Amino acid sequence: MDAVRRAEPGGRDAETLHRGLPREGERLQGVGRFGRRLPTAGLAPFLVAVVVLGTAPTGPVVFDFQSSLAGTSADIDPDLLCTKSTDGGEAVVHCHPTESEGIDHVVVMSGGEPVTVDRDPPFDFDVREGQLTTVTGQKQFQVVLEDADGNTVRRYTRTLSMVPES
């Protein structure tokens, strides 16, 4: 018992420091029962909030998919077919979309600058290697399909090295 009652540097002994706390092997009776119910008590309001917000959601919780789909025309998703050939030592790329419905014009760009604009269906065009700029070490171009209002319908990016030979 003398070892337990040894005085601490602040003038308080070990018995005084631990007064009110359970000793080794003892349990707090009242707090133990209450502590075991805390996780269940916190879970119930959470589940109620989930059910209420799920059945009657407020404005910030709702995702509105209707407005983005309303008033749009049919999906326009043609493939872009391209082949590469050589003319006078320079590569020439010939491309055309598989469908022209819903497309008003095609803009071919390289390095952010327009290379050519095709306004006549079936929108087939040729691009020479000398017209292309180098992006990340490769000659690259973009084909932008636009509707009559000038909105982008579809955008394709192609690199010269990935276009197959004809």
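A quick note: this is a predicted structure, and the numbers were derived from the prediction, not measured.

Peer 1: Describe the environment of P97, with residues and values.
Peer 2: Secondary-structure assignment places P97 in strand β2 (residues 90–97). For the pair P97 and D124, spaced 27 residues apart in the sequence, the C-alpha separation amounts to 7.3 Å.

Peer 1: Tell me about the side chain of T159, and name the residues and values.
Peer 2: Structurally, the position occupied by T159 is in strand β8 (residues 152–159). By relative accessible area, which is 16% here, T159 ends up buried. Not counting chain neighbours up to four residues away, the residues in contact with T159 comprise Q138, K139 and Q140.

Peer 1: Which residues make up the nonpolar core, and what are the values?
Peer 2: With 18 residues, the main nonpolar core has V93, C95, V106, F125, F141 and V143 as its most contacted residues. Put simply, the parts of the chain that give this core at least two residues each are β1 (80–87), β2, β3 (105–110), β5 (125–128) and β7 (138–146). Excluding residues within four positions of it along the chain, V106 makes contact with T116, V117, D118, F123, F125, V143, V144 and L145.

Peer 1: Describe the pattern of salt bridges, listing the residues and the values that go with them.
Peer 2: Summed over the entire model, instances satisfying the criterion amount to three salt bridges. A salt bridge links E90 to R128, with the shortest nitrogen-to-oxygen separation between them at 3.0 Å. Linking E90 in strand β2 with R128 in strand β5, this pair joins segments that are 38 residues apart in sequence. Judged by relative accessible area, which is 22%, E90 ranks as partly exposed. Accessibility expressed as a relative area gives 31% for R128, which makes it partly exposed. Taken together, the salt bridges that share partners define one network made up of D87, E90 and R128.

Peer 1: Mind laying out the sheet that holds β2, listing which residues take part and the relevant values?
Peer 2: Strand pairing in a sheet relies on backbone hydrogen bonds, with the paired strands running either antiparallel or parallel. The strand order across the open sheet formed by three strands is β1-β2-β5, and the pairing between neighbours is antiparallel. Strands at the two margins of the open sheet, each flanked by one partner only, are β1 and β5. Taking each pair of neighbouring strands and ignoring which way they run, the sheet shows an average axis angle of 25 degrees. Judged from the eight bridges that link them, β1 and β2 form a sheet pairing that is antiparallel. Across the sheet, residue T83 finds its bridge partner in β2, namely H94.

Definitions and limits used
- Residues numbered from 1 in each chain as written.
- Predicted model: local features only at pLDDT ≥ 70, side-chain atom pairs only at ≥ 80, totals over all residues.
- Heavy atoms only, no water.
- Helix = DSSP H or I, 4+ residues; strand = E, 2+ residues; numbered from the N terminus.
- Buried < 20%, exposed > 50% of the residue type's maximum accessible area, 1.4 Å probe, protein only.
- Contact = heavy atoms within 4.5 Å.
- Core = buried A, V, L, I, M, F, W, Y, C linked by side-chain atoms within 4.5 Å.
- Salt bridge = Lys/Arg side-chain N within 4 Å of Asp/Glu carboxyl O.
- Pairing = 2+ DSSP bridges.
- Axes fitted to C-alpha atoms, helices over the stretch in contact; angles between N-to-C directions.

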